[in-house]
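Coordinate inspection notes
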Amino acid sequence: MTGLGAVFRPQLPPERLRTIARLAEEAGLEELWLWEDCFLEGGISTASAALAWTERLRVGVGLLPVPLRNVALTAMEAATLERMFPGRAALCVGHGVQSWMGQVGARAESPMTLLREYLDALRALLRGERVTTDGRYVKLDDVALDWPPAQAVRVLAGVTGPRSLRLSGEAADGTLLTAATSPEGVRAARGIVDEGRAAAGRSDPHPVVVYLRAATGPDAAARVRAEIEQEGGATHGVAGDAGTVAKAVQRLADAGADTVVLQPTGDEPDPEGFVRFVAEEVRPLVP
């Protein structure tokens, strides 16, 4: 079965999260994804709250910008979430928006080097290993988690370009693709990820998660079109009723996506209604 989720966009005030998280669970939604966009809401703080307010809902953070976060801190937080809410938290790391990283003095000269070092160290720490490394960016001296997770934690990489996709296949446990990704883009990305996995000799599962910009209601097409134009036009989206949205989800799944996360427009007039629409109307139509 194709996984299905929805995004709680951080353009909404954080105090709205409690109602939406509880509604998502009550409506039977499988996954709620959060963003750590600068300078809106923290990914770990919102994820921990959403997990605490619910009992079954899986909560993803896509993504945590690695230049902004020491890898040991991310490992500590990921392990804590896993131990408190086993199997319910999904974490994704990535380069971050470079202009934002520059604003806070954290921009890396080589984002690729940083992400590779970060993924290697983060996954090792979450496996309970004691890590010493002296990389270009990641430096750890005899570091191990005192409370490692009891089971493996999947670390996804949120990436777009070919080099980063190949790196995700080599060093991450899954890949998150943006809402700009068409079915053809998913198929191409899956192929590059698989090249990286083959080069690294990996045969473990590697789920691909993709956002899909979506809207429903009388003005749905206009809202999706306006957001696409605002972002430069090179994006992908769907507007329409549950059947139309479900077909768009299925096209992404057929292209290689394991989970599709419906992303409302930034001006969605009814965020609670959008979550209910995904859970109660779209989900029954997605095999």
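Below is a short write-up of the structure. (Residues numbered from 1 in each chain as written. Predicted model: local features only at pLDDT ≥ 70, side-chain atom pairs only at ≥ 80, totals over all residues. Heavy atoms only, no water.)

**As for the overall build of the chain**
In plain terms, the rule: Strands are runs of DSSP state E lasting at least two residues, helices are runs of H or I lasting at least four, and both sets are numbered from the N terminus onward. All radius of gyration figures rest on C-alpha atoms, and the globule criterion is 2.2 Å times the number of residues raised to 0.38. Any two residues having at least one pair of non-hydrogen atoms within 4.5 Å are treated as being in contact. Areas reported as accessible are Shrake-Rupley estimates using a 1.4 Å probe. Residue values count occlusion only from the protein chains shown. Counted as positive: Lys and Arg. Counted as negative: Asp and Glu, with His and the chain ends omitted from the count. Think of each charge as sitting on NZ of Lys, CZ of Arg, CG of Asp or CD of Glu.
A count of helical and extended segments in the chain gives 10 helices and 11 strands. In terms of overall dimensions, the chain is globule-like: its C-alpha atoms have a radius of gyration of 18 Å, near the 19 Å expected for 287 residues. Long-range pairs, those at least 24 residues apart, make up 74% of the contacts in the chain with a sequence separation of at least 6. Carbon together with sulfur atoms contributes 51% to the accessible area of the chain, which is approximately 12600 Å² in total. Separation between the mean location of the 30 positive side-chain charges and that of the 38 negative ones in the chain comes to 3 Å.

**With respect to empty space enclosed by the protein**
For clarity, the threshold we go by: Definitions used throughout: a 1 Å grid over protein atoms alone; a cavity as a set of points that fits a 1.4 Å probe which cannot get out; a pocket as an open set with protein on both sides within 12 Å along at least five of seven lines; a lining residue as one with an atom within 4 Å of a point. Grid points are joined across faces, edges and corners, and a volume is the space filled by probe spheres set on the points. Three residue categories are used. Nonpolar comprises Ala, Val, Leu, Ile, Met, Phe, Trp, Tyr, Cys and Pro, charged comprises Asp, Glu, Lys and Arg, and polar comprises the others, including Gly.
A full pass over the atoms with the stated rule returns 1 cavity of 30 Å³ or more. Volume-wise, the largest cavity comes out at about 30 Å³. Lining the largest cavity, in full, are A78, L81, E82, A89, L91 and V153. Every element with two or more residues in the lining of the largest cavity is listed here: α3 (71–84) and β4 (89–94). With 3 residues, α3 is the single largest residue contributor to the lining of the largest cavity. Here the lining of the largest cavity is built from residues that sort into 5 nonpolar, no polar and 1 charged.

**Concerning the packing of helix α1 (residues 17–27) against helix α10 (residues 271–282)**
Note the threshold: Working convention: axes come from line fits to C-alpha atoms, limited for helices to the stretch in contact. Angles between N-to-C directions cover 0 to 180 degrees. For classification, angles of less than 35 degrees are called roughly parallel, those exceeding 145 degrees roughly antiparallel, those between 65 and 115 degrees roughly perpendicular, and all remaining angles oblique. We call a crossing left-handed when the near helix sits turned anticlockwise from the far one by less than a right angle, and right-handed when that turn is clockwise.
Viewed as axis vectors pointing N to C, α1 and α10 meet at an angle of 20°, and their least axial separation amounts to 9 Å. Between α1 and α10, the angle falls in the class roughly parallel. The way α1 lies across α10 gives a crossing that is right-handed. In this structure, α1 contributes T19, I20, L23, A24 and A27 to the contact, and α10 contributes P271, E272, V275, R276, A279 and E280.

**Some thoughts on the layout of surface pockets**
By volume, the largest pocket is sized at about 820 Å³. Considering the residues around the largest pocket, the lining is formed by 30 residues, among which D37, L63, V97, W100 and T178 are closest to the centre. Of all the secondary-structure elements, those providing two or more residues to the lining of the largest pocket are β3 (58–65), α4 (98–103), β8 (174–177) and β9 (208–215). Per-element accounting of the lining of the largest pocket gives the leading share, 3 residues, to β3. Here the lining of the largest pocket is built from residues that sort into 14 nonpolar, 11 polar and 5 charged. By volume, the second largest pocket amounts to about 370 Å³. E31, R58, A89, A90 and R154 are the residues nearest the centre of the second largest pocket, which is lined by 19 residues in total. Taken together, the elements giving at least two residues each to the lining of the second largest pocket come down to β2 (31–34), β3 and β4. With 3 residues, the top contributor of residues to the lining of the second largest pocket is β3.

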